[in-house]
Amino acid sequence: MSPRVYDCREPLIRAVRVLSTLETSDFRAKSEDRLDRCASTAIKNFYHHYSVWRFNFDELLDAIDRRQLDKLADIAFSMTIEHSPNNWKSETVKSSLKWRRIRSAATQILEDVKDLASPEIEPSFPGEVAVATFDSDYIKNPPSPDELAETEYGATKHDCSWAGLREDLVFICAKHGHVGPDDPIPSPQFYVPDDQYNNERYHYLQVFDPDCVTLAWLADLMNAVQEYDGWGICIPSLTQGMMVVFDDRIMLRGERLRRCRTPADVVAAVKELIQE
């Protein structure tokens, strides 16, 4: 059986459809199997998936009349700021002018969103890719002293790089599957932690679905870290192995990964390790 092809149009269409049909009587529902019936979740879900499209496929959005979508995104963003996501009372939202505007905009744009073209997602690596192995438990990758120096605003270059790369990873992986915790579904294919574990120049990415491991996904990861000098993406959640992705090389640990010589070899081996 061939792997299923993830259609990144479906989550956006579904998010707009939910906003156009969600009744205020559903707002109190909190159980995982009824996530779409929670007002804050529905709005956050739409904003997430539209942000994914603006990041990855903005030119495809220009093929439709996107003014209502942009308007919808602006209102949704303002509502997430004004309301505490865990304390949205149905009567408050029901009387909200912004909620009525959301329903109206979502209804008007739904058919156009259904007509969006399916994105072509092909692998495009940033250059020659080296594949090598390592035996240690960890590849040290500390930031430089300059990266840890605080600016006048109290942030560091390291903190800004961590936050920027995390956002890029969430949006890039969303081309290939659902990404937790930003995409509020019970069982996402990917998970990008929203806390820093240490000061190393790494992001830690969990992958749960072998069908989402493709050459296009791997190329997207390498292109992402191109913009963050010295950073890597660590994928530790493999059976009997670990993978660390840099902008020009893939580092592998584990007996089952030692025979990999090319990115295609890596994809095939990682698929098997996730399945086990």
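Residues numbered from 1 in each chain as written. Predicted model: local features only at pLDDT ≥ 70, side-chain atom pairs only at ≥ 80, totals over all residues. Heavy atoms only, no water.

Chemist: Outline the side chain of Asp183, listing residues and values.
Modeler: For Asp183, the location among the structural elements is in the loop between strand E2 (179-180) and strand E3 (190-191). Put simply, Asp183 is tucked away with no salt bridge, and the nearest opposite charge, on Arg14, sits 7.1 Å away. Polar side-chain contacts of Asp183 include one of 2.5 Å to the side chain of His178. Setting aside residues up to four positions removed in sequence, Asp183 forms contacts with Asn45, His48, His49 and His178. (Helix = DSSP H or I, 4+ residues; strand = E, 2+ residues; numbered from the N terminus. Buried < 20%, exposed > 50% of the residue type's maximum accessible area, 1.4 Å probe, protein only. Lys, Arg positive; Asp, Glu negative; His and termini not counted. Salt bridge = Lys/Arg side-chain N within 4 Å of Asp/Glu carboxyl O. Polar contact = N/O pair within 3.5 Å; in protein donor to acceptor, adjacent residues only side chain to side chain. Contact = heavy atoms within 4.5 Å.)

Chemist: Can you tell me about helix H6 (residues 97-114), naming the residues and giving the values?
Modeler: Between its terminal C-alpha atoms H6 stretches 26 Å, which fits the 26 Å expected from 18 residues at 1.5 Å a residue. Those residues of H6 lying buried are Trp99, Ile102, Ala105, Ala106, Ile109, Leu110 and Val113. (Expected span 1.5 Å × (residues − 1).)

Chemist: Please provide a residue-by-residue account of the packing of helix H8 (residues 157-173) against helix H9 (residues 215-226), values included.
Modeler: Two numbers describe how H8 lies on H9: the axes approach to 10 Å, and their chain directions differ by 160°. The orientation of H8 relative to H9 falls into the category roughly antiparallel. For the pair H8 and H9, the sense of crossing is right-handed. Across the interface between the two elements, Leu165, Leu169, Ile172 and Cys173 of H8 pack against Trp217, Asp220, Leu221, Ala224 and Val225 of H9. Of the residues in the contact of H8 with H9, the class split is eight nonpolar, no polar and one charged. (Axes fitted to C-alpha atoms, helices over the stretch in contact; angles between N-to-C directions. Parallel < 35°, antiparallel > 145°, perpendicular 65-115°, else oblique. Left-handed = near helix turned anticlockwise from the far one by under 90°. Nonpolar A, V, L, I, M, F, W, Y, C, P; charged D, E, K, R; others polar.)

Chemist: Any details on the nonpolar core? Residues and values, ideally.
Modeler: Leu205, Trp217, Leu221, Ile235, Met243 and Val266 are the most contacted members of the largest nonpolar core, which has 41 residues in total. Elements with a contribution of two residues or more to this core: H8, H9, strand E6 (232-238), strand E7 (241-245), strand E8 (249-253) and helix H10 (263-275). With seven residues, H8 is the single largest residue contributor to this core. Residues within four places of Met243 in sequence aside, it is in contact with Trp217, Ile233, Cys234, Ile235, Leu238, Ile250, Met251, Leu252, Val266 and Val270. In terms of nonpolar packing, the next biggest core, distinct from the first, is built from 31 residues, Val18, Phe46, Trp53 and Leu72 among them. (Core = buried A, V, L, I, M, F, W, Y, C linked by side-chain atoms within 4.5 Å.)

Chemist: Summarise the packing of helix H2 (residues 39-56) against H8; cite the residues concerned and give the values.
Modeler: The contact between H2 and H8 brings their axes to 9 Å, and the two run at 95°. Taken together, the axes of H2 and H8 are roughly perpendicular relative to one another. Contacts between H2 and H8 involve His48, Ser51, Val52, Phe55 and Asn56 from the first element and Asp168, Val170, Phe171 and Ile172 from the second. Residue classes in the contact of H2 with H8 are distributed as five nonpolar, three polar and one charged.

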